[in-house]
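Spelled out from the first residue to the last, the chains are:
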Amino acid sequence: MPSMLDLVMETLTQHIGRDPEAVTPSTRLDQLDVDSLALLELLCTLEDEHNVRVPDEIGDIHGGLTLTEIADLLERAQPEALPGQQAPVDPVTAGGSVT
Amino acid sequence: MTTDAIAVTGIGLITPAGPDAATTWQRMLLGTSVAASDPELAGLRVTFSCRAREFDADAALGRALSWRLDRFVQMAVAAARQAITDARLDPVAWDPARVGVVVGASANSEGMGVAWNKLHSGRPQGIPPMTIPRASPNMAAGEVSLDLNIQGPGMSVSTACASGATALAVARDLLRAGTCDIVLAGGSDSATLPIAAGCFDKLRALSRRTSEPHAASRPFDADRDGFVLGEGAAMLVLERAQHARARHTPIHAYLAGAASTCDAYHPTASRPDGSGSARAIRLAVAQAGLAPEDIDHVNAHGTATRLNDLSEARALGTVFRTPPPVTAPKSVLGHAISGAGAIEAALTVLTLSHQTIPPTANLDRLDPDIDLDVVTKVPRQGRLRTAVSNSFGFGGQNTVLLFTAA
C-alpha cells in the first residue's frame, strides 16, 4: 500500500506535471512552483482518487512546507492510522509549520 | 483612428491536418478529408470526426502547464506561440501594454464535462477546483496573455461558427483605433467532444455517413448531408503595416476588409436568399476600396449542410456577376466551430502567399442548384491578388474577411 508521501509525490508528478526528479520528500511546494490553484487540485485529487480525507482546516498547508511535512499533516487528518503505517508525526515538532 | 493597412505577419495553426501551418498546408493541397472513426463517440448516432490527432499538448506546452488547460485553451496557446515565432516577435522585448489578444471561443469544454460527471455520479467533492478557470471561454485569451506576457486588451468573442473570423475583425479595430501595436487574434475549439457531437446531431446538422467518414464532408455536392465535427486553433499576428515594416518582418498578406452583419432571421438557418451574408461580403469589399470584380478567390464557409451551401451560393451569386473560384476547407478539416473562421482565414492568407487554391474534397457532383466554380480534385494556381473568407454562425452572425496579397 502506498504511503501518504507516495500519493502526494505521485499526484504532483502524474497529475500536475511536475518533474519527477524535482519531486523528493524534502522538496518544498514553492520549489515546485505549485501555486494555490495547483495545491487545491492536489488536495482534491488525493481526496477523490485516493479517498484521503482533506478537512477544511488543511487549508493551513502553504508553500513553505516540504512534501514530507504535507504528507504528515494529511496523515494526522485521517480518521485512524492506515494499517502498516507509522503513527502520525507532529508537523511542528518535525520542523514544519501549520500556519 | 488610422486607415493604415493591417498586416498579417504571423500564423499559428493546430488542425486535424497537422500540428502546424506547414503540415496543414501540405495536407490541404491533397484535397482529401481527414475525417475518421472516433472511438470517443462510440454509442452516438455519429461516430466519426476530424480530431487534431497530431497535436500533443504535453509535448507542445509541457505537462506542468497543460494539466490545467482545457483542450481549446491548449490549442490556442500552442498556436499563439507558433504565430509569434513566425512573426519574429519576442515577448521579452515587446511593450506588453501595447499588445492585445482576441480569441473566438465557445462553450465546448472537456473540463466542464468532467465536473458534470462528478456531480451526476454523486461525487460533488470530486469536482476539480480548476474547472472554472479551465473551462471558461475567456480563458483562451487569458492563458495566451499569461503565457506570452500580454498586458493590453484580452478578450474572447463568441459568434458561433464565425467566432474566429470575428476575432480578427475586432483585432483590426483595436489596431486602427491605436489601442494596440500588435494583436494576436484567432479562434480555438474542441468541438469533437461527445456532448457536442450528440447535440449537433440532434439538430440534424451532422453528416450521418458513418460507413465512410472520409467521404462525409462534401460541401456543395449534391449528396451532402451535413457537416463533420472538427477541432483546432489558429492564431494570427496582426499589426499595422507601418509597424511591421519598421521592424523588417515579412508580411504574409494584408487584412483589407472585415465586416460583420446579422441575419435576424432564424436561430440556426441563414436567410435562404443569402442576403445577410451578401451584405457582409459587399461591406468587406467596399472597406478594401475594391469592387466585386476585383476579388480573385472565395474561401467559403461551406459546411455541407443543405441550407448553408444553398444560401452561401446565392449570396455569392448576388454579389458577383461571375463568382471567383471557391474552395471549402471544411471538406478536408471538418468544422472546428469557433476555431473554423480563424483557421480558414489562415488558409486564405496561405492561399495568397502560395498563389495556390487548395482543392475541395468530396465534390463529385455539384448540386444542380449551385452555380459556382468550386476548385476540386487538384490545387489551382493562378494570379491571386485578393481573397474573401466567409464565416457564418448560428444566431445569423456573419463575418467576412478580405485579404490582399503582400
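Residues numbered from 1 in each chain as written. Chains lettered and ligands numbered in written order. Predicted model: local features only at pLDDT ≥ 70, side-chain atom pairs only at ≥ 80, totals over all residues. Heavy atoms only, no water.

Draft legend 1. Quick peek at the overall build of chain A. When helices and strands are tallied, chain A shows three helices and zero strands. The secondary structure elements of chain A, listed N-terminal to C-terminal, are α-α-α. Counting only residues that meet the buried cut, chain A has 44% of its 99 residues in that class. Accessible area of chain A: about 5200 Å², with a carbon and sulfur share of 50%. (Helix = DSSP H or I, 4+ residues; strand = E, 2+ residues; numbered from the N terminus. Buried < 20%, exposed > 50% of the residue type's maximum accessible area, 1.4 Å probe, protein only. Areas by Shrake-Rupley, 256 points an atom, 1.4 Å probe, with all protein chains shown as cover.)

Draft legend 2. Inspection of the domain arrangement of chain B at higher detail. All names here are of chain B. One can read the domain layout of chain B as domain 1 (6-246) and domain 2 (257-405). The distance between the C-alpha centroids of domain 1 and domain 2 comes to 20 Å. Ranking the residues of domain 1 by area buried against domain 2 places W25, F220 and R224 at the top, with a combined share of 20%. Counting across the interface, domain 1 meets domain 2 through four salt bridges. In this structure, D309 engages R224 in a salt bridge whose closest nitrogen and oxygen atoms are separated by 3.4 Å. Between the two partners, domain 1 and domain 2, sit 27 residue pairs in polar contact (both at pLDDT 80 or more). The element best represented in the side of domain 1 that touches domain 2 is helix α8 (residues 163-176), accounting for seven residues. For the side of domain 1 that touches domain 2, the per-class residue count stands at 36 nonpolar, 20 polar and eight charged. (Domains from an automatic or database assignment. Buried area = accessible area lost by both parts, 1.4 Å probe. Salt bridge = Lys/Arg side-chain N within 4 Å of Asp/Glu carboxyl O. Polar contact = N/O pair within 3.5 Å; in protein donor to acceptor, adjacent residues only side chain to side chain. Nonpolar A, V, L, I, M, F, W, Y, C, P; charged D, E, K, R; others polar.)

Draft legend 3. Quick look at the interface of chain A and chain B. Residue-level contacts link twelve residues of chain A with twelve residues of chain B. Summed over both partners, the interface of chain A with chain B buries about 1000 Å², with 54% contributed by carbon and sulfur atoms. In this structure, the connection of chain A to chain B is made through two salt bridges. As a salt-bridge pair, R123 of chain B and D48 of chain A come within 2.7 Å of each other at their nearest N and O atoms. Linking chain A with chain B are five residue pairs in polar contact (both at pLDDT 80 or more), by the criterion used here. Every element with two or more residues in the side of chain A that touches chain B is listed here: α1 (4-15) and α2 (36-50) of chain A. Among the elements that line the side of chain A that touches chain B, the one with the most residues is α2 of chain A, at seven residues. (Contact = heavy atoms within 4.5 Å.)

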